[in-house]
Amino acid sequence: MREDVKWFKPNNGSKPPQALLQLNSYPVCPDPSRAMGLAPHTDSSLLTLLYQSNTSGLQVLHGNSGWVTVPPLAGALVVNVGDLMHILSNGRFKTTLHRAVVNKAEHRISVAYFFGPSRDAKISPLIEVD
Ligand SMILES: O=C(O)CCC(=O)C(=O)O
Ligand SMILES: [Fe+2]
């Protein structure tokens, strides 16, 4: 893999990066097979840090295994690669299709911190195709 220490050097002058904190709340659901907490999606920014308390619900689509649960680990955050990272790295870091399912026993919360460049930054791949 080609090393390039300039990967994340901003080229948009002094515009600050953008960060967004999103609080998700998934109430108990009597029939989880008939509801979805958060529909399948990819996060559009660069990176997401996700705190998912101690109730599972996050699932990622993993190759032939289908939807795989990402169990919450005490003191750990999930790091999600977003669309902009996918584009910047020319697909070397892949954006992650994920969703959140509900359950019938516990109210679940999660906190997502989305981080990326300013809204009007121009994004293009920084790594050439091999
Ligand atoms: O609640 C979760 O585990 C996922 C939240 C999520 O994917 C999002 O806020 O974009
Ligand atoms: Fe997400």
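Residues numbered from 1 in each chain as written. Chains lettered and ligands numbered in written order. Predicted model: local features only at pLDDT ≥ 70, side-chain atom pairs only at ≥ 80, totals over all residues. Heavy atoms only, no water.

In the annotation of an unreviewed UniProt entry, the entry for the protein chain reads Fe2OG dioxygenase domain-containing protein, and the organism field reads Camellia sinensis.

Counted under the stated rule, the structure contains one salt bridge. The partner of aspartate 31 in a salt bridge is arginine 34, with the nearest N and O atoms 3.7 Å apart. Classification of arginine 34 as exposed rests on a relative accessible area of 73%. (Salt bridge = Lys/Arg side-chain N within 4 Å of Asp/Glu carboxyl O. Buried < 20%, exposed > 50% of the residue type's maximum accessible area, 1.4 Å probe, protein only.)

Our focus in this paragraph is the sheet that holds strand S8 (residues 108-116). Read across the open sheet, the four strands follow the order S1-S8-S3-S6; overall the sheet is antiparallel. Each having just a single partner strand, strand S1 (18-26) and strand S6 (78-81) make up the two edges of the open sheet. On average, each strand axis in the sheet is tilted by 20° relative to the strand beside it, whichever way the strands run. Of the strand pairs in this sheet, strand S3 (residues 47-51) and S6 are connected by four bridges, and their pairing is antiparallel. Residue leucine 49 lies in a different strand from S6, and its bridge partner there is valine 79. (Pairing = 2+ DSSP bridges. Helix = DSSP H or I, 4+ residues; strand = E, 2+ residues; numbered from the N terminus. Axes fitted to C-alpha atoms, helices over the stretch in contact; angles between N-to-C directions.)

At 2.1 to 2.2 Å from the iron ion (ligand 2) lie its protein donor atoms, namely His41 (NE2), Asp43 (OD) and His98 (NE2). All donors of the iron ion (ligand 2) belong to a single chain; written as a sequence motif, their spacing is H-x1-D-x54-H. A relative accessible area of 6% means that aspartate 43 is categorised as buried. (Donors = N, O, S within 2.8 Å, 3.2 Å for Na, K, Ca; no water.)

Here the focus is the nonpolar core. Core analysis: the biggest nonpolar cluster contains seven residues, these being Leu50, Leu58, Val60, Val70, Val78, Ala112 and Phe114. When contributions to this core are tallied by element, the ones reaching two or more residues are strand S4 (58-62) and S8. Leaving out residues up to four positions away in the same chain, phenylalanine 114 has contacts with Gln18, Ala19, Leu20, Gln22, Asp43, Ser45, Leu47 and Thr48. Ranked by size, the runner-up nonpolar core spans five residues in total, among them Leu46, Val81, Leu84 and Leu88. (Core = buried A, V, L, I, M, F, W, Y, C linked by side-chain atoms within 4.5 Å. Contact = heavy atoms within 4.5 Å.)

Attention now moves to the site of ligand 1. Gln22, Tyr26, His98, Arg108 and Ser110 are the nearest of the 14 residues found near ligand 1. At a separation of 3.0 Å, an oxygen atom of ligand 1 approaches a polar side-chain atom of asparagine 24. Here an oxygen atom of ligand 1 sits 3.0 Å away from a polar atom, N or O, in the side chain of histidine 98. In isolation ligand 1 exposes 300 Å². Once the protein is present, 97% of that is buried. Among the secondary structure elements, those contributing two or more residues to the shell around ligand 1 are S1, strand S2 (38-41), strand S7 (98-100) and S8. No other element matches the four residues that S8 contributes to the shell around ligand 1. A breakdown of the residues in the shell around ligand 1 according to their chemical character gives seven nonpolar, five polar and two charged. (Near = heavy atom within 4 Å. Polar contact = N/O pair within 3.5 Å; in protein donor to acceptor, adjacent residues only side chain to side chain. Areas by Shrake-Rupley, 256 points an atom, 1.4 Å probe, with all protein chains shown as cover. Nonpolar A, V, L, I, M, F, W, Y, C, P; charged D, E, K, R; others polar.)

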